[in-house]
Amino acid sequence: MKAKPLKGLGSGVLEIADDHNGNTYRCAYTPKFADAVYVLHTFQKKSVKGIKTPAPDINLIKTRLKRVEAEIKEHEKAARKNRRK
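As the structure is a prediction and not an experimental result, all values here were calculated from the model. Within every chain, residues take consecutive numbers counted from 1 along the sequence as written. Thresholds applied to this predicted model are a pLDDT of at least 70 for local features of residues and 80 or more for the giving and counting of side-chain atom pairs; totals over whole chains, interfaces and linings are not thresholded and use all residues. As a convention, hydrogens and water are excluded, and side-chain values are obtained from all of the structure's heavy atoms.

(A) Layout of the overall build of the protein. Helix numbering and strand numbering both begin at the N terminus, where a helix is a DSSP run of H or I of at least 4 residues and a strand a DSSP run of E of at least 2. Of the regular secondary structure elements, the protein holds one helix and four strands. Tracing the protein from N to C terminus, the helices and strands come up as β-β-β-β-α. The reference for a compact globule is 2.2 Å times residues^0.38; the radius of gyration itself is calculated from the C-alpha atoms. For 85 residues, the compact-globule estimate of 2.2 N^0.38 gives 12 Å, and the protein exceeds it by more than 25% at 16 Å. Across its three principal axes, the protein shows a C-alpha extent of roughly 55 × 25 × 20 Å. By residue count, 25% of the 85 residues in the protein fall in the buried class. Residues are treated as being in contact if the distance between any of their heavy atoms lies within 4.5 Å. Within the protein, contacts between residues separated by at least 24 positions form 26% of all contacts whose residues are at least 6 apart in sequence. The accessible surface values rely on the Shrake-Rupley method and a 1.4 Å probe; as for residues, cover is taken only from the protein chains in view. Roughly 6600 Å² of accessible area belongs to the protein as shown, and the carbon and sulfur atoms make up 53% of that amount. In this count, Lys and Arg are taken as positive residues and Asp and Glu as negative ones, while His and the chain termini are left out. Note on charges: their place is set at NZ of Lys, CZ of Arg, CG of Asp or CD of Glu. The distance from the centre of the 20 positive side-chain charges to the centre of the 9 negative ones in the protein is 5 Å. Burial here depends on accessible area, computed with a 1.4 Å probe over protein chains only, as a share of the maximum for the residue type. Under 20% is buried, over 50% is exposed, and the range in between is partly exposed.

(B) Broad picture of the pattern of salt bridges. Definition used for salt bridges: Asp or Glu carboxyl oxygen within 4 Å of a side-chain nitrogen of Lys or Arg. Tallying each qualifying case throughout the model produces two salt bridges. Residues lysine 32 and glutamate 69 are paired through a salt bridge, measuring 2.8 Å at the closest nitrogen-oxygen approach. Placement of the pair is lysine 32 in the loop between strand E3 (23-30) and strand E4 (38-45) and glutamate 69 in helix H1 (residues 55-84), with a sequence separation of 37 residues. Residue glutamate 69 is classed as partly exposed on the basis of its relative accessible area, which comes to 29%.

(C) Layout of unusual backbone geometry. Despite not being glycine, asparagine 21 shows a phi value in the positive range, around 50°. Along the polypeptide, asparagine 21 turns up in the loop between strand E2 (14-20) and E3.

(D) Structural view of the environment of glutamate 76. Within the fold, glutamate 76 resides in helix H1. For glutamate 76, a relative accessible area of 42% translates into the label partly exposed. Linking glutamate 76 and isoleucine 58, residues 18 residues apart in sequence, is a C-alpha distance of 27 Å.

(E) Just the sheet that holds strand E1 (residues 3-5), in detail. At least two bridges found by DSSP between two strands is the condition for calling them paired. Read from one edge of the open sheet, four strands run E1-E2-E3-E4, paired in antiparallel fashion. Of all strands in the sheet, those with a lone pairing partner are E1 and E4, marking the two edges. When strand polarity is set aside, the average angle formed by the axes of neighbouring strands in this sheet is 25°. Where E3 meets E4, seven bridges bridge the pair, whose relative direction is antiparallel. Note on geometry: axes are C-alpha line fits, over the in-contact stretch for helices, and angles between N-to-C directions span 0 to 180 degrees.

(F) Structural detail: the packing of aromatic side chains. Each Phe, Tyr or Trp ring (for Trp, its six-membered ring) is paired with any other whose centre lies within 6.5 Å, and the angle between the two planes then decides the class: stacked below 30 degrees, edge-to-face above 60, tilted in between. One pass over the full model with this rule turns up one aromatic pair. Ring centres 5.7 Å apart and planes at 90° place the aromatic pair phenylalanine 33 and tyrosine 38 in the edge-to-face group. Look at tyrosine 38 and you get partly exposed, because its relative accessible area is 27%.

Put into structure tokens, the structure is as follows:
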């Protein structure tokens, strides 16, 4: 099992794919933050055509990545504010 960049999302989002009992499962995650690895989405690949990740799954991953980025930014902002006190 290898991690590889998830195409279409730029750097910072990786994907692990694994097969089990004839099914393929995927996990998209981002290790780009210092304090944690965020799992953005896990799903079973159901399409029998090609290896492309379905658009609804890509959109969900993008939405969750934006949410994580916003939360990290807010956390860093609060931490800077607390250091000034």
